[in-house]
Amino acid sequence: MMLDFLAENNLCGQAILRIVSCGNAIIAELLRLSEFIPAVFRLKDRADQQKYGDIIFDFSYFKGPELWESKLEAKPELQDLDEEFRENNTEIVTRFYLAFQSVHKYIVDLNRYLDDLNEGVYIQQTLETVLLNEDGKQLLCEALYLYGVMLLVIDQKIEGEIRERMLVSYYRYSAARSSADSNMDDICKLLRSTGYSSQPGAKRPPSYPDSYFQRVPINETFISMVIGRLRSDDIYNQVSAYPLPEHRSTALANQAAMLYVILYFEPSILHTHQAKMREIVDKYFPDNWVISIYMGITVNLADAWEPYKAAKTALNNTLDLSNVREQASRYATVSERAHAQAQQFLKEGCLREDLVLDNIPRLLNCLRDCNVTIRWLMLHTADSACDPNNKRLRQIKDQILTDSRYNPKILFQLLLDTAQFEFILKEMFKQMLSEKQAKWEHYKKEGSERMTELADVFSGVKPLTRVEKNENLQAWFREISKQILSLNYDDSTAAGRKTVQLIQALEEVQEFHQLESNLQVCQFLADTRKFLHQMIRTINIKEEVLITMQIVGDLSFAWQLIDSFTSIMQESIRVNPSMVTKLRATFLKLASALDLPLLRINQANSPDLLSVSQYYSGELVSYVRKVLQIIPESMFTSLLKIIKLQTHDIIEVPTRLDKDKLRDYAQLGPRYEVAKLTHAISIFTEGILMMKTTLVGIIKVDPKQLLEDGIRKELVKRVAFALHRGLIFNPRAKPSELMPKLKELGATMDGFHRSFEYIQDYVNIYGLKIWQEEVSRIINYNVEQECNNFLRTKIQDWQSMYQSTHIPIPKFTPVDESVTFIGRLCREILRITDPKMTCHIDQLNTWYDMKTHQEVTSSRLFSEIQNTLGTFGLNGLDRLLCFMIVKELQNFLSMFQKIILRDRTVQDTLKTLMNAISPLKSIVANSNKIYFSAIAKTQKIWTAYLEAIMKVGQMQILRQQIANELNYSCRFDSKHLAAALENLNKALLADIEAHYQDPSLPYPKEDNTLLYEITAYLEAAGIHNPLNKIYITTKRLPYFPVVNFLFLIAQLPKLQYSKNLGMVCRKPADPVDWPPLVLGLLTLLKQFHSRYTEQFLALIGQFIRSTVEQCTSQKIPEMPADVVGALLFLEDYVRYTKLPRRVAEAHVPNFIFDEFRTVL
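Residues numbered from 1 in each chain as written. Predicted model: local features only at pLDDT ≥ 70, side-chain atom pairs only at ≥ 80, totals over all residues. Heavy atoms only, no water.

S.K.: What's the story with the overall build of the protein chain in this structure? I'm lost.
M.R.: The helix and strand tally for the protein chain stands at 48 helices and nine strands. The C-alpha radius of gyration of the protein chain comes to 42 Å, more than 25% above the 32 Å expected for a compact globule of 1160 residues. For the C-alpha atoms alone, the extent of the protein chain along its principal axes is close to 155 × 90 × 70 Å. Going through the 1160 residues of the protein chain one by one, you find that 52% of them count as buried. The long-range share in the protein chain, meaning contacts at least 24 apart out of those at least 6 apart in sequence, stands at 77%. Considering the protein chain, the positive charge centre built from 135 side chains and the negative charge centre built from 139 side chains are found 5 Å apart. (Helix = DSSP H or I, 4+ residues; strand = E, 2+ residues; numbered from the N terminus. Rg over C-alpha atoms; globule rule 2.2 N^0.38 Å. Buried < 20%, exposed > 50% of the residue type's maximum accessible area, 1.4 Å probe, protein only. Contact = heavy atoms within 4.5 Å. Lys, Arg positive; Asp, Glu negative; His and termini not counted. Charge placed at Lys NZ, Arg CZ, Asp CG, Glu CD.)

S.K.: Mind showing me how you'd approach helix α25 (residues 543-552) here?
M.R.: Structurally, the α-helix is built with 3.6 residues per turn, so residues lying three or four positions apart point the same way. Along α25, the residues classified as buried are Val-545, Leu-546, Thr-548, Met-549 and Val-552. The buried residues of α25 occupy one face: seen down the axis, they fall within an arc of 160°. For α25, the secondary structure elements touched by its buried residues are α19 (360-380) and α21 (408-458). (Arc of directions from axis to C-beta.)

S.K.: How should the domain arrangement of the protein chain be read in this particular structure?
M.R.: Accessible area lost upon the coming together of the parts is a frequently used measure of interface size. Here the domain parsing of the protein chain yields domain 1 (435-542) and domain 2 (877-1159). Placing the centre of domain 1 and that of domain 2 at their C-alpha centroids yields a distance of 108 Å. (Domains from an automatic or database assignment.)

S.K.: Explain the packing of helix α38 (residues 904-917) against helix α43 (residues 1040-1051) here, please?
M.R.: The angle between the axes and the distance between the axes are what describe a pair of packed helices. Viewed as axis vectors pointing N to C, α38 and α43 meet at an angle of 90°, and their least axial separation amounts to 11 Å. Relative to α43, α38 is oriented roughly perpendicular. Where α38 approaches α43, its residues Leu-910, Leu-913 and Met-914 are matched on the opposing element by Val-1042, Val-1043 and Leu-1046. Looking at side-chain class alone, the contact of α38 with α43 contains six nonpolar, no polar and no charged residues. (Axes fitted to C-alpha atoms, helices over the stretch in contact; angles between N-to-C directions. Parallel < 35°, antiparallel > 145°, perpendicular 65-115°, else oblique. Nonpolar A, V, L, I, M, F, W, Y, C, P; charged D, E, K, R; others polar.)

S.K.: How should empty space enclosed by the protein be read in this particular structure?
M.R.: Rolled over the atoms, a probe as big as a water molecule pinpoints where empty space is left. For the coordinates displayed, the defined rule picks out seven cavities of 30 Å³ or more. One number sums up the size of the largest cavity: a volume of about 110 Å³. Ser-249, Thr-250, Ala-253, Asn-288, Val-290, Ile-291, Tyr-331, Val-372, Arg-375, Trp-376, Leu-379 and His-380 are the residues that line the largest cavity. Of all the secondary structure elements, the ones that give two or more residues to the lining of the largest cavity are α11 (248-251), β1 (290-294) and α19. In terms of residue count, the dominant contributor to the lining of the largest cavity is α19 (five residues). Tallied by class, residues from the lining of the largest cavity come to seven nonpolar, four polar and one charged. (1 Å grid on protein atoms, 1.4 Å probe; cavity = no way out; pocket = protein on both sides within 12 Å on 5 of 7 lines; lining within 4 Å. Points joined across faces, edges and corners; volume = space filled by probe spheres on them.)

S.K.: Can you help me understand the pairing of strand β7 (residues 855-858) in this one?
M.R.: In summary, the side chains of a regular strand alternate between the two faces of the sheet. Judged from the three bridges that link them, strand β6 (residues 846-849) and β7 form a sheet pairing that is antiparallel. Bridge assignment links Thr-846 to a residue of β7, and that residue is Ser-858. (Pairing = 2+ DSSP bridges.)

S.K.: Sorry if this is basic, but what is going on with the side chain of Gln-1087 here?
M.R.: Assignment of secondary structure puts Gln-1087 in the loop between α44 (1074-1086) and α45 (1090-1113). At a separation of 3.4 Å, a polar atom in the side chain of Gln-1087 contacts the main-chain carbonyl oxygen of Lys-1029. With residues up to four places along the chain from it excluded, the contact list for Gln-1087 reads Leu-889, Lys-1029, Ile-1030, Tyr-1031, Ile-1032 and Thr-1034. (Polar contact = N/O pair within 3.5 Å; in protein donor to acceptor, adjacent residues only side chain to side chain.)

S.K.: How do you make sense of the environment of Asp-816 when you look at a structure like this?
M.R.: Summarising the element assignment, Asp-816 is placed in the loop between α35 (767-787) and α36 (821-832). Polar contacts involving the side chain of Asp-816 include one to the main-chain amide nitrogen of Ser-818, which spans 2.9 Å.

S.K.: How do you make sense of the packing of helix α39 (residues 927-937) against α43 when you look at a structure like this?
M.R.: Viewed as axis vectors pointing N to C, α39 and α43 meet at an angle of 95°, and their least axial separation amounts to 10 Å. Judged on the interaxial angle alone, α43 and α39 are roughly perpendicular. Residues Tyr-931, Ala-934 and Ile-935 of α39 form the contact with α43, whose own contacting residues are Phe-1045, Leu-1046, Ile-1049 and Ala-1050. Split by residue class, the contact of α39 with α43 holds seven nonpolar, no polar and no charged.

S.K.: For this particular structure, what's the right way to read the environment of Gln-238?
M.R.: Take Gln-238: it is sitting in the loop between α10 (220-232) and α11. Given a relative accessible area of 18%, Gln-238 falls into the buried group. Leaving out residues up to four positions away in the same chain, Gln-238 has contacts with Ala-251 and Ile-551.

Here is the structure:
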């Protein structure tokens, strides 16, 4: 029963294995989440503190939750913010809470397991018996160690204050708090802030981390027994892989890390037990003091054990400067010797099969030396392990750097060569192991056949020159042949011994029977001996060698430290791109670090295997990408030079050319430069493609894909920066910088585009596809971020379909109220076409300055945007304008509520007016007085009203212009798409109309996305009318038509009719612009029931009829200006809405409509 502790049917073993497997998965989840902490929880900058300070609490909240909540309820805007914050962050906060909960559950499960062991739940198993079993001992030690690592990782990666804020947010926002089984209190107790900060130079809190480790009590006997085991045993039997005594501390390094963590559970040993600490230091830390505790998290014992008296005293022997000097010098010597040896082995043709088989111990010793040296030097010279403010640590580190003659480039070279050496050896061994039996059988057959042939020779039957018949020898060789055939592969020890005896027998027979005289017989004997030798060699190929190589080659300690060599790696790739093949071996060596956390998860058959291996493999692949990013970077540097040469230096060759000008056009110098740069680029491509497809952890890395992603990443980085920098405007500049900046940016984008087109064949990528995909992604992402300002539920980066982890779109700090360049562009266009400053002439599609009558901008602006940002840019601008219109309309509605529906005097005025003018079909007597007294009484509300309406109208004009430009370019550039879309649109509308005529006909179902998807296409192709769009949902508003009617006639006196230009502003001091006014009103009415529009048009008709009636009765010959304005409004209304004219003629006699222009 005790023999197989990990068997499926051993409940005791399976229970602890599950706990340990779960522990490794929790740590991976904590590390993964630590990269997704929402920035607001840090409350780093002033803006965040002011905005969110009142809704994000630490644990002080629990002292009086009612008080805090009542403060929130007192301010509606805080409640609103709190609600928005909840919608945006609940998902991620819940994920963090579940991770925190799993840490608490882990220690509860471990304690329950220990109680079960003590109470005899597992038959015949007690704590003592489990600790006697090899697997049981390992698992119990790991279980406690992983809990310690979890606590340290949480404190290092997710600071105490952030944890508290997240837990309180979860408590406030989640429904789980009310459930009885929720252990929120225990989790909060365990994870409350420790005061520790991972910032460099931060002071360490008193009695940290031991007080933190004591928060959940754990069985003391268990802790002391585990520490006892770790002190005395080699629990992983690692020493057998490192036979040399000077490698012992490396052999026990994993165990030393476990002991370091577990000692914090019993801090009295660290404080007072001198003898125990001395024993621990002498065994584990006689020559090392910087250790890696889990996946590259490093700790310097000189710093960590500073507050503990016994530990500090024990470590002083190791940290004595003479010992430091001795170790550093020793490693300097070993490093040189081992490196020279490794390079010797790596020479072409050196690692042959026979040489490897004869020299296994030598090769392994060289590997051990190399790996131990790399480990010691990397850990003890790491910046992360040395606090620059600690004088003693600095002194020790300087001593090491001097005495070990440390040079990071040489160390990196050693790492590269070792990885390459290891990789080749492993591959050879795997190959030899797979062929081992087949080869052995082959040699056996060959040897036996030779002996049979010799027996035949001595029988005298087979003619072999001058060999006499000898029956004794004949029988003897037959016997030997049988003996060789009887060798058994499965019993390798006996077979080995017997083979040696056979070789001796064959040597003796040659001497005793004077067979040397016959060369052919000698040759046969020598061949057989050779085959027998090969059999001995082959039977010695054991899997143990591979296992030893795996143990010795462990690089998990460098999981984070390797980053400090990134710049060296990149530099060496830039100088020599074929270096990538050597780096491949290093990356694979790093990938072996994944075995550490995955081993137990795999043994437990846990479903977490995939997600954990995905996380670590993903981290490693990201690192590989980071290192290899230098290749696209260097390519782009060369590309920029090519762009410069092609655009500035090389002249286009004309179709016809004079012979004597040939030399001028040849431009051999610049063309040679371009060729040289292009060659450099193709060399870089070759470099990365030499890497071959590699399995890193569980992720397959395809170098072609890596190269393409790298190129995309670099392109995105540069294009995003160009867009950000190119579209920053100075609002005070006269005239606006908009057009010049767009032209300049257009030239930059064109340069990128051309060079990309030029380079695609040399790099073997689809340039145009990449260009379109990435530029559209950048623009769409920026539009999405800009629109977040208008949304309650914001789209976070990790939710965005446009953002990517491998090819991230950079974010830049905003320079004004806009978040991104698209916002700045939109607001600049709105600024220069502001209806208060400019006048839009519809027939010319042009805006003029009201005062100077100079052209401000025209529809050319949109062609320029199309050239610079493409269809995606215009489409994005259109989307942003939609959001802005929605915001304006919502503001308008709240304003309407405030200044009209809550104002009694305004309401009374409107009531009186409605009584005076109803019914609407009639003619109002004394109309001027009635209308103008109503306008005078409501004068104060029109300024804000006009501003809101004109803003909406202005944006609608811009949307029309954008749709126009999109439609034009779509018909021009992709006429088939335009035609297909128009036909599909017409067909769909016809079908839908038919359905409404006869409901039995089909109609797209709820879950059918056809209409939704086709809309996106139509908007991108400009086949839509922005004026017909419903932007907001509305409720019924009393007096709405009459207010709009009054508003319109209140504005008419400010305008005058001009035959050439239509309605224009009378005085620039009191600015009103006609097109935005008409379109604004039109859009507003469109949002409500058509009943309101009917009533509004009826009011205008009544106004025209009444005023004309009054003029006729008073014999005033010309038509009043206000009537002309009202008639023009109706005319424009019909034109813009594309409605039939009878809509207006229902309210105004058609002869007035026909004749009014002739009177003017």
